[in-house]
Amino acid sequence: MMMTRIAVLVSAILLVGCASQASAESIFNDGFQDGDANGWGAGGDGSVSLTTYAGNVSMRLDKQAAAFAAVTTEGYSNVRVSGSFAASDLEGRDTCIFEVSADDGANWTSIVEVRDGQDDQVTLHSNAVTSAAFDNQPRLILRARAAGNSDNDVCWFDNASVTGMWIVDAFNRPTRFNADDLLGGGVMDRPVSTSAFAPPSDAGEALSPFQGRLSFRGGQARGGFTIHRDRFEFDEMPDTELTQLPDFSFEFVSHDGRLLPAERGFITSDHPFWEYVLAPGRVWHEEGYGDWSRAALPFAVLEKNANCTHNGLLTFLYNADGDVSDVAYQLGSETCAYFQFDAWGLVEVSYQPGELSSAQALIDADTEELANRLRVQPLSALAMAYPSVDLTAFASEQDIDPAALTTFGLVYDGTHYVGGCETRFGPYPFCDELIIPSYSFAKSIFGGFALMRLEQLYPGSSQALISDHVPACATNDDWREITFEHALDMATGHYSSIVPDADENVAVQADFFVVETHAEKVELACRKYPRREAPGQTFVYHTTDTYLLGTGIADYLKSQMGPEADVYEDLIAKAIWEPLGLSSTIKSTRRTYDQIGQPFAGWGLVMQRGDLARVLDFLSDGSGAIDGEQVLDPRLLRSALQRDSADRGLSTGSDAFRYNNGFWAWNIAEYGGCGTDTWIPFMSGFGGLSASILPNGAAYYYISDDYDFVWGRAAMATTEIGPVCGSAE
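Computed from a prediction, not measured in an experiment: that's the story for all the values here.

Draft legend 1. Highlighting the overall build of the chain. Helices and strands together make up the secondary structure of the chain, namely 16 helices and 39 strands. Here the C-alpha atoms of the chain give a radius of gyration of 27 Å, agreeing with the 27 Å that 2.2 N^0.38 yields for 729 residues. Of all 729 residues assigned to the chain, the portion counted as buried reaches 58%. At a minimum sequence separation of 6, the contacts of the chain that also span at least 24 residues come to 70%. A total of about 27,700 Å² of accessible surface is found on the chain, and carbon and sulfur atoms cover 46% of it. Of the charged side chains in the chain, 46 are positive and 101 negative; the average position of the first set lies 2 Å away from that of the second.

Here you go:
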């Protein structure tokens, strides 16, 4: 039904009143009353658990146990940290300590301490400290610890809180929406803090569920658009409608505080430039909203036929009668090296409540997705387990421009240690749902995995000929003797120049990445580069080769499984992503815009950071097996991961770099001062995506977009976990 417009008298200039004065707001708050300690890591000699007394939940620490969490206070001043302790059986110098570090653990500021004589098991001793040292920090580490000498020295920690004043004068952006802002039909005159799209720390349960279809016309939004970078001058092109969102009409169901889209992954549209990817959001209620509940949704718009990803947020109010407010939306971050912008606005929407036949399936899938994620800890937790590790080496400002960084993390021993996910308007409030692109990561985890899976199913298939399975390449003898594995290695013997990136730039200029049909793409891929030599001798980077590989595998698979077989769904999504428990986001791929729908293979995936962490964890194991079932061919995988010293792959123009079966490798021996060759396999994606699988079992990644591909400093920092020198063979 169409929304019932609520008459509210508000200023025509939205949010000016919100920005006129700063007020303290919650940055972090955890009283553990939800029975969960998410975001907290544990370490030290002792135990950490949640306990309940008289209806109050607190964190119990004994002996020398410690718990820690990381908070960003960027954009905040007058930061105040507070907490409480109760204790029992302290004697002598035994102490319960809550403290804060603004320099990754080098120095600590005590917030509250409880000692012998204050340990009556019941009384909560509280304190708060405000310090300029806490202001505008990318990472503030909170640590609660017991400093005792026996198991009966017990501390109960509670009421951890960080508040601050948003630096409105410096950033001039409001930090929240009032109900009137969304109900009044006004104009959103500038971007707001990302905190305005997030549930406040004291948010309550939504007053009513949300289930049905939400729709709006993107061209009717009232807002603004600012371009920061436009290297291809899209803004000068006619009829792109760059500043307008695509029309939005999607079904949702809420469950347990989460707002679940019925459609995930790539969603095609009639917009000439943009398409959507949706991710799960939140529903809640907050003080001052009356009988209105609030919803917020992370989403991304992606350039059609490409992988540039622009992350956004939207929010609206709804009630049990089926009424909705305007939607407020904002885009202020991206992983896109050539086109960057901010967009914001309000748009009138319609809501059609109704039962979704797929509701329970969506809920079950979301529950399973959450359960399958690796354990997530802040990066600071790594320093608790390995005190000597240099946290500043990860996503170091010496290697990566912070303004270009989307997110980063380290995977080790089943734990995903995560960095932040900043935007131009504050931290993205849905980091785990943030959409990230693959770019050429897909050459490894789509092209590479697809051939490894095919070889596992049909031994010898990696030696099938491109000319037998790609008719466009079979019109003359130029593609004779070129196998699927040659194409995966980018060693087809077809090239114009061995100068790095020269041929790839030719493909860009020939519009290989722009044409929309399979016939156009495959014709360019087969014909663009002349045959220079026999295959298997020279590496030349060609996305076209991976496209031909995907095309050949698709044909081979149909000959074995039947005409309905699909290279991505059958070899990748069902066989690998589903057993690994990956999100619905990564279970679709970019395809040509025709009836063939040929997957790109060499680019065109999107994922969430938890998906990437799971894949890296799988690669670190190196067996190619999931739950005891072999899914990838061991020979091809071992060579790709540099675990076969007899097959390092082809040189990429430098003695220190190789390429093998869709994966890069770097000999870090000289950089790391190793006494022996140390080949580290890694994935690389356009603009600044890197993911390395280290010999000590760790894997490190970052997603950025200013052409930074530097990670040696981070790799060597993991020597505190285990030795890096010496390849994992």
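That shown, we press on.
Draft legend 2. Layout of the pattern of salt bridges. The full count for this structure, using the stated rule, is 27 salt bridges. Between Arg373 and Glu369 there is a salt bridge; the shortest N-O distance is 3.6 Å. One salt bridge connects Asp432 with Arg609, and the closest N-O pair in it is separated by 3.0 Å. One end of the pair, Asp432, is in the loop between strand 29 (426-427) and strand 30 (436-437); the other, Arg609, is in helix 13 (residues 609-621), with 177 residues separating them in the sequence. One salt-bridge network, held together by shared partners, links Arg258, Arg264, Asp366, Glu369, Arg373 and Glu433.

Draft legend 3. Geometry of the nonpolar core. In this structure, Phe248, Tyr276, Phe449 and Trp577 are the most contacted members of the largest nonpolar core, which totals 134 residues. Here Trp577 is in contact with Ile445, Phe449, Tyr568, Ile572, Leu582, Ile586, Lys587 and Val615, once residues within four sequence places are set aside.

Draft legend 4. Quick peek at the environment of Cys526. Relative to the elements of secondary structure, Cys526 occurs in helix 10 (residues 518-527). Spatially, the C-alpha atom of Cys526 lies 27 Å from that of Asp633, the residues being 107 residues apart in sequence.

Draft legend 5. Spatial organisation of the environment of Met561. Structurally, the position occupied by Met561 is in helix 11 (residues 543-561). Using a relative accessible area of 41% as the deciding quantity, one classes Met561 as partly exposed. With sequence-adjacent residues up to four places away left out, Met561 is seen in contact with Leu457, Tyr458 and Asp570.

Draft legend 6. Highlighting the pairing of strand 5 (residues 56-62). Taking burial as the measure, the seven residues of strand 5 include five buried ones, the bulk of the element. Here strand 4 (residues 48-53) runs beside strand 5; their pairing, made up of six bridges, is antiparallel. Directly across from Leu50, in strand 5, lies its bridge partner Met59. Counting the residues between successive antiparallel strands, the hairpin from strand 4 to strand 5 contains two residues, one of them, Ala54, with a positive phi of roughly 55 degrees. With four bridges connecting them, strand 5 and strand 12 (residues 154-166) associate as antiparallel partners. Bridging across to strand 12, Arg60 finds its partner in Trp156.

Draft legend 7. Inspection of the sheet that holds strand 39 (residues 699-704) at higher detail. Overall, mixed pairing links the nine strands, which are arranged 25-27-26-39-38-37-36-35-34 in an open sheet. Each end of this open sheet is capped by a strand with a single partner; those strands are strand 25 (375-378) and strand 34 (650-651). In this sheet, strand 27 (residues 415-418) lies alongside strand 26 (residues 405-412) in antiparallel orientation, the contact comprising four bridges. The residue of strand 27 that forms the bridge with Gly409 is Val418. Docked against the sheet, helix 6 (residues 441-457) engages strand 35 (657-660), strand 36 (663-667), strand 37 (679-685), strand 38 (689-693) and strand 39, running at close to 110 degrees with respect to strand 37. In this fold helix 13 packs onto strand 26, strand 27, strand 36, strand 37, strand 38 and strand 39, with an angle of close to 145 degrees to the strand it touches most, strand 39.

Draft legend 8. Geometry of the environment of Gly257. Along the chain, Gly257 falls in the loop between strand 16 (248-255) and strand 17 (258-261). Residues Gly257 and Glu205, 52 residues apart in the sequence, show an inter-C-alpha distance of 6.8 Å. In this structure, Gly257 is in contact with Gly281, Arg282 and Val283, ignoring residues within four places of it in sequence.

Definitions and limits used
Residues numbered from 1 in each chain as written. Predicted model: local features only at pLDDT ≥ 70, side-chain atom pairs only at ≥ 80, totals over all residues. Heavy atoms only, no water. Helix = DSSP H or I, 4+ residues; strand = E, 2+ residues; numbered from the N terminus. Rg over C-alpha atoms; globule rule 2.2 N^0.38 Å. Buried < 20%, exposed > 50% of the residue type's maximum accessible area, 1.4 Å probe, protein only. Contact = heavy atoms within 4.5 Å. Areas by Shrake-Rupley, 256 points an atom, 1.4 Å probe, with all protein chains shown as cover. Lys, Arg positive; Asp, Glu negative; His and termini not counted. Charge placed at Lys NZ, Arg CZ, Asp CG, Glu CD. Salt bridge = Lys/Arg side-chain N within 4 Å of Asp/Glu carboxyl O. Core = buried A, V, L, I, M, F, W, Y, C linked by side-chain atoms within 4.5 Å. Pairing = 2+ DSSP bridges. Axes fitted to C-alpha atoms, helices over the stretch in contact; angles between N-to-C directions.

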